[in-house]
Every structure is written in structure tokens, then in C-alpha cells.
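# Chain and residue survey
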Amino acid sequence: MNTVKIPHRTPEKPLTMPIVDKFKDMGLFYIYGKLESGMIEEGQTVSVLPRRDYINIKEIYNARDERMPFALAGENVKLRVKGLDEDQISRGDVLCNNLNYCQESEEFIAHLHVLELPEKKKLMAAGYECMIHMHAISDACEIVKVEAKMIPETKKMVAASFLKPGEQGKAYIKVVIE
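Residues numbered from 1 in each chain as written. Predicted model: local features only at pLDDT ≥ 70, side-chain atom pairs only at ≥ 80, totals over all residues. Heavy atoms only, no water.

## Points about a nonpolar patch on the surface
- Among the surface-exposed residues, Met39, Phe70 and Leu72 lie close enough to one another that they form a single nonpolar patch of about 230 Å² accessible area.
- Relative to the helices and strands, Phe70 resides in strand β7 (residues 70–72). (Patch = residues over 30% accessible without salt bridge, like charges linked within 9 Å, V, L, I, M, F, W, Y side chains within 5 Å. Areas by Shrake-Rupley, 256 points an atom, 1.4 Å probe, with all protein chains shown as cover. Salt bridge = Lys/Arg side-chain N within 4 Å of Asp/Glu carboxyl O. Helix = DSSP H or I, 4+ residues; strand = E, 2+ residues; numbered from the N terminus.)

Listed below in C-alpha cells is the structure:
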């Protein structure tokens, strides 16, 4: 435990906060999340991606439910917000500054560690359909192409067209938009 490096949080960078949960209490709407970068203040107007709608931050609470005027990167917060209703915000949406949106992508290259695969599909290759779990969301995705697999003894990547359970590798993934 003593060797684990604490990630560096950057309050000077643009606001990025994935939404982990949401709820309504006595007509007031709250969202939970962790500030990955930037800072947030009461009264600030921020954007909700991917919708690009605006919400206003009315109140900020820390993990002990104590009200705070602002929060910095690395803090877990509960925000009372106004501007959108509960059904317009989803887990996995991201709060951003209005002028500095975080990057969005439907396709990306990922380093994978395949833990297990179903009996009917023992190989992960191009065309493989599955679910991807990141932060607070899970979405359908498709493996477009397996680019490489890691040789465990040398930790080097070599070209490959498929991965088996227990293997690590790089794959080009496309999120299935429904």
C-alpha cells in the first residue's frame, strides 16, 4: 500500500467531473461525482456532456455532507443543481467548463486485459460484441480490430488478430450508439 502513487490532480486545468449518481430530495436535484480536474464554485454555470446543456451549481457538499463554497480537483462532491431535470442527466455524463469541453469519442484504442470469455466465444477478434464498463457507465461496444497482444515474459507487444482469456493486448473499440 505504501508504494501506490497518488495521482496528481490539476485544479488549474479545465473542469472535468464524471457524474456517478443522481437523486431528487424534496424537489431539489442533486448529482454526485469526483472532480478529476479543475475547480467548481457555487453559482457557476457548467455544461453537461454529451448533451451540451447548461446547469447552475447552487450548492456544493463534501463527502461528510458539509457545505463548501468551492471544490478542487480530487474531491468527491454532491452538487445541488438547477437547469435540467433528473431524466435529462445520466450516470456517466460529464460536467465541463462552458469554454473547454472535454474530448468525446465513439472510437478509441484500448489496452485490454481479457479476464474471461463465454463458452460460445472463446476468442476476442474483429466483430466481437460485448459490454464496456468505464467509471459509472456501461455501454455496448464492438471490437473493430485487435492490434497486438502482450508477451508476458518480455512485456512487449506483438502483432495479433485475436486475444484469449488471460491475455493482454491492444484493440480498436467502437461504442455502439443506439
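## Things to note about the pairing of strand β5 (residues 53–61)
- With four bridges connecting them, strand β4 (residues 45–49) and β5 associate as antiparallel partners. Paired with Thr45 across the bridge in β5 is Asn56.
- Once β4 ends, the chain turns through three residues before running back antiparallel as β5, passing Arg52 with a positive phi of about 65°.
- As defined by bridge partners, β5 adjoins strand β8 (residues 76–82) across five bridges and the pair is classed as antiparallel. The partner of Ile57 across the bridge, within β8, is Val81.
- Bridging between β5 and strand β6 (residues 67–68) involves two bridges; their strand directions are antiparallel. When the bridges of β6 are listed, Tyr61 appears paired with Arg67.
- In this structure, the hairpin formed by β5 and β6 is closed by a connection of five residues, where Asp65 is found at a positive phi of approximately 65°. (Pairing = 2+ DSSP bridges.)

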